[in-house]
Amino acid sequence: MRMQVRDAMSKSVLIVGPDHTLRQTAQLMSARRVGSAIIEDPDGEGVGIITERDILNALGAGLDPDVERSAGHITWEVVYAGPDWTLDEAAAAMVRGGFRHLVVLDGDDVLGIISVRDIIRVWTGKPVAAAA
């Protein structure tokens, strides 16, 4: 039987608000040891994502992490995975889209996030060390 997204995804999802500063978001991501956070914006487009790369790009552009809000760095064009997708399907979607995280939805409910690291961990049968 092929492994499904539900078998590899992280169910512990960090959710932040659009008004969190980039520093606050980065601190929460660091404390939870995750590379992304879900942003639920009731006044926005629903569920978006901010990743460590989004924060890195903002800092590289000279933005002040204590002033800049996460809302300005949300990716709304998120590709969602279903819990029944195979890991091959999830990996193919990541390659096509050029990203490393997929939000896992069941209807409108966020079930988790699956990352490249999660897929590698399952495929190799070994834990993947966090990036330094």
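As annotated in an unreviewed UniProt entry, the protein carries the name CBS domain-containing protein and is attributed to Luedemannella flava.

Caption draft 1: Molecular detail of the nonpolar core. Counting 13 residues, the largest nonpolar core has Val-5, Leu-87, Leu-102, Val-104, Ile-114 and Ile-119 as its most contacted members. If you list the elements that add at least two residues to this core, you get α1 (5-8), α4 (87-97) and β5 (101-106). At 5 residues, α4 tops the list of elements feeding residues into this core. Residues Leu-14, Val-16, Met-29 and Ile-55 belong to the second largest nonpolar core, which totals 11 residues.

Caption draft 2: How the structure looks around the pairing of β5. For β5, a buried count of 5 out of 6 residues is recorded, marking the element as mostly surrounded by other parts of the structure. By the bridge criterion, 2 bridges tie strand β4 (residues 80-81) to β5 in an arrangement that is parallel. The partner of Ala-81 across the bridge, within β5, is Val-104. Of the crossover connections in this fold, the one passing from β4 over α4 to the parallel β5 is right-handed. For β5 and strand β6 (residues 109-115), the ladder comprises 6 bridges, and the chain directions are antiparallel. Following the sheet pairing, Val-104 is matched in β6 by Gly-112. Where β5 folds back on β6, the antiparallel hairpin that results is connected by 2 residues, among which Gly-107 adopts a positive phi of roughly 70°.

Caption draft 3: How the structure looks around the layout of surface pockets. By volume, the second largest pocket is sized at about 270 Å³. As for the second largest pocket, its lining consists of 15 residues, and the residues nearest its centre are Ile-49, Thr-51, Thr-75, Phe-99 and Arg-100. Sorting the residues of the lining of the second largest pocket by element identifies β3 (46-51), α3 (52-60) and β5 as the ones contributing at least two each. Looking at the lining of the second largest pocket residue by residue, the classes come out as 6 nonpolar, 5 polar and 4 charged.

Caption draft 4: Local environment of the sheet that holds β4. Pairing in this open sheet of 3 strands is mixed, and the strands run β4-β5-β6 from one edge to the other. The two strands at the open ends of the sheet, each matched to only one other strand, are β4 and β6. Packing of α4 onto the sheet brings it into contact with β5 and β6, and relative to β5 it is tilted by some 130°.

About the criteria used
- Residues numbered from 1 in each chain as written.
- Predicted model: local features only at pLDDT ≥ 70, side-chain atom pairs only at ≥ 80, totals over all residues.
- Heavy atoms only, no water.
- Core = buried A, V, L, I, M, F, W, Y, C linked by side-chain atoms within 4.5 Å.
- Buried < 20%, exposed > 50% of the residue type's maximum accessible area, 1.4 Å probe, protein only.
- Helix = DSSP H or I, 4+ residues; strand = E, 2+ residues; numbered from the N terminus.
- Pairing = 2+ DSSP bridges.
- Right-handed = clockwise from strand over helix to strand, strands pointing away.
- 1 Å grid on protein atoms, 1.4 Å probe; cavity = no way out; pocket = protein on both sides within 12 Å on 5 of 7 lines; lining within 4 Å.
- Points joined across faces, edges and corners; volume = space filled by probe spheres on them.
- Nonpolar A, V, L, I, M, F, W, Y, C, P; charged D, E, K, R; others polar.
- Contact = heavy atoms within 4.5 Å.
- Axes fitted to C-alpha atoms, helices over the stretch in contact; angles between N-to-C directions.

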